[in-house]
Amino acid sequence: MLQALMNVLSLCLKPSGQYSGDRVESVNHLSNNNCAGKEGKEGLLWFRDLGKYGSGEFSMAVVQANQVLEDQSQVESGPFGTFVGVYDGHGGPDAARYVCDHLFRNFQAISAETQGIVTRETIERAFRLTEEGFTAKVSELWNTQPQIATVGSCCLVGVIHQQTLLVANLGDSRVVLGKKVGNTGGTAAIQLSTEHNANLEEIRRELKELHPNDPEIVILRHGVWRVKGIIQVSRSIGDVYMKHVQYNREPINAKFRLPEPMNMPILTANPTIISHPLHPNDSFLIFASDGLWEHLSNEKAVDIVHSHPRAGSAKRLVKAALQEAARKREMRYADLRKIDKKGWKATLTK
């Protein structure tokens, strides 16, 4: 049985300036489910040390790393089990907000049709409906807010249903399992999610196989591989300018416009889904955006959680990532904490 469910939402320190979780909407999701636990703020760090859900306990922590809050998160419980969502927005907040407002609702409606039975198809349909809904929103706003076509969100979802964890992912957020190793007292780190980032060789190979006639489907710029030289992730909700030719034209910003028309979608909203039967040795889960994993390895993150009390695990992880970021930039952690929202992006990308 899963002993603790921990949701760590960390877009802290992401160079492109995303943020996660501690939005009013996300806090309301928690409050509406009567979660207990200490909640507080330390500068730009927001945390909930411990809350309880149907599948166990969780903690949350986030750091605001930019002026605009682009990301969302949620934890929900119901007859189906427990639903965890981490939505890493980019280009603006619209897509992540839309996903947070609609993905779980779509999932809930679809699972109700099957009397609460959750399958891969349940999750795939929820993602598909959410993508279709956001695309329709872009169409409605195209004449007045065309830049919404360039907004997108990575999506990491975990559903615990009948002692099975289903993980669905678009983009480069990650879920890592902490698993007890026999009677040794140790805990192994097992990555459960598949990531879709052009910096990974298998993703570049996948893109080249899907687009064999496009020699520039992935381009290396300043040491970073990007799809069409523009975006790192190959799967997302939104980013319709890379999926529908009618939105890849003026008046969107020239940096998003492709030199040649698309003959097929370049990005996709089809998630990679894995199923993991839960066992007595499965101790905890860490759900986090790439901002955390940029500074902490899977093994380091699991060791931090394993070596300390469960309460405050998420806050402890985020602080460890901040300390590592400060060390890389030859700064003191105390100085990093003093930086205001406007200064984070410049400091963290230099």
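Conventions adopted
- Residues numbered from 1 in each chain as written.
- Predicted model: local features only at pLDDT ≥ 70, side-chain atom pairs only at ≥ 80, totals over all residues.
- Heavy atoms only, no water.
- Helix = DSSP H or I, 4+ residues; strand = E, 2+ residues; numbered from the N terminus.
- Buried < 20%, exposed > 50% of the residue type's maximum accessible area, 1.4 Å probe, protein only.
- Contact = heavy atoms within 4.5 Å.
- Areas by Shrake-Rupley, 256 points an atom, 1.4 Å probe, with all protein chains shown as cover.
- Core = buried A, V, L, I, M, F, W, Y, C linked by side-chain atoms within 4.5 Å.
- Phe/Tyr/Trp six-rings, centres within 6.5 Å; stacked < 30°, edge-to-face > 60°.
- Lys NZ or Arg CZ within 6 Å of the ring centre and 35° of its normal.
- Salt bridge = Lys/Arg side-chain N within 4 Å of Asp/Glu carboxyl O.
- Pairing = 2+ DSSP bridges.
- Axes fitted to C-alpha atoms, helices over the stretch in contact; angles between N-to-C directions.
- Parallel < 35°, antiparallel > 145°, perpendicular 65-115°, else oblique.
- Left-handed = near helix turned anticlockwise from the far one by under 90°.
- Nonpolar A, V, L, I, M, F, W, Y, C, P; charged D, E, K, R; others polar.
- Expected span 1.5 Å × (residues − 1).
- pLDDT = per-residue confidence, 0-100.
- 1 Å grid on protein atoms, 1.4 Å probe; cavity = no way out; pocket = protein on both sides within 12 Å on 5 of 7 lines; lining within 4 Å.
- Points joined across faces, edges and corners; volume = space filled by probe spheres on them.

Draft legend 1. Summary view of the overall build of the protein chain. Scanning the protein chain for helices and strands turns up 9 helices and 15 strands. Buried positions account for 57% of the 350 residues belonging to the protein chain. A separation threshold of at least 6 residues defines the contact pool for the protein chain, and within that pool the share at least 24 residues apart is 66%. Summed over all atoms, the accessible surface of the protein chain reaches about 14,900 Å², with 49% contributed by carbon and sulfur.

Draft legend 2. Quick look at the nonpolar core. In terms of nonpolar packing, the biggest core is built from 52 residues, with F83, Y87, F107, I123, F127, V227 and M242 touching the most fellow members. Residue contributions to this core peak at 9 residues, all from helix 2 (residues 94-113). Counting residues in each nonpolar core, the second largest holds 18 residues, with V75, V84, V175 and L192 among its members.

Draft legend 3. Structural detail: the packing of aromatic side chains. Under the definition given, this model contains 8 aromatic pairs. Here the basic side chain of K315 rests over the ring of F47, its NZ or CZ set 3.9 Å away from the ring centre.

Draft legend 4. Quick look at the pattern of salt bridges. Under the counting rule described, the total for this entry stands at 13 salt bridges. A salt bridge links E39 to R48, with the shortest nitrogen-to-oxygen separation between them at 2.8 Å. Taking the relative accessible area as the measure of exposure, E39 reaches 41% and is therefore partly exposed. On the basis of relative accessible area, R48 is assigned to the buried category, the value being 4%. Several salt bridges share partner residues, and in doing so they unite D214, K228 and E260 into one network.

Draft legend 5. The sheet that holds strand 3 (residues 45-53), seen in detail. Ordered in space as 2-3-4, the 3 strands form an open sheet in which the pairing is antiparallel. The open sheet has two edge strands, strand 2 (39-42) and strand 4 (56-63), and neither has a second partner. Ignoring which end each strand starts from, the neighbouring axes of this sheet average 15° apart. Here strand 3 pairs with strand 4 via 7 bridges, running antiparallel. Pairing of F47 across the sheet is with A61, part of strand 4.

Draft legend 6. Layout of the packing of helix 2 against helix 3 (residues 120-141). Between helix 2 and helix 3, the least distance of the axes is 8 Å, while the angle of their chain directions is 140°. Between helix 2 and helix 3, the crossing angle belongs to the class labelled oblique. Crossing angle aside, the handedness with which helix 2 passes helix 3 is right-handed. Where helix 2 abuts helix 3, its residues D94, A95, Y98, V99, H102, L103, N106, F107, I110, S111 and E113 lie against T122, I123, R125, A126, F127, L129, T130, G133, F134 and K137. Of the residues belonging to the contact of helix 2 with helix 3, the class tally is 11 nonpolar, 6 polar and 4 charged.

Draft legend 7. Summary view of helix 7 (residues 313-328). Compared with the 22 Å implied by 1.5 Å per residue over 16 residues, the 23 Å span of helix 7 between its first and last C-alpha is a close match. Within the sequence span of helix 7, burial applies to S313, A314, K315, L317, V318, A320, A321, L322, E324, A325 and A326.

Draft legend 8. Here's a closer look at the confidence of the model for the protein chain. Looking at the protein chain as a whole, its pLDDT mean stands at 83, while 81% of the residues score no less than 70. When the criterion is pLDDT under 50, residues 1-36 qualifies, and its contacts beyond four places in sequence or with other chains add up to 159 contacts. For the stretch residues 340-350, pLDDT sits under 50, and the model shows 27 contacts to residues farther than four places along the chain or on other chains.

Draft legend 9. Here's a closer look at the pairing of strand 11 (residues 218-221). Of the strand pairs in this sheet, strand 11 and strand 12 (residues 224-227) are connected by 4 bridges, and their pairing is antiparallel. The residue bridging I219 from the neighbouring strand is R226, located in strand 12. Counted between consecutive antiparallel strands, the loop separating strand 11 from strand 12 contains 2 residues, among which H222 sits at a positive phi close to 55°.

Draft legend 10. Structural detail: the layout of surface pockets. Roughly 220 Å³ of internal volume is contained in the second largest pocket. Residue lining of the second largest pocket: 13 residues in total, with H211, N213, D214, N263 and M264 positioned closest to the centre. A breakdown of the residues in the lining of the second largest pocket according to their chemical character gives 7 nonpolar, 3 polar and 3 charged.

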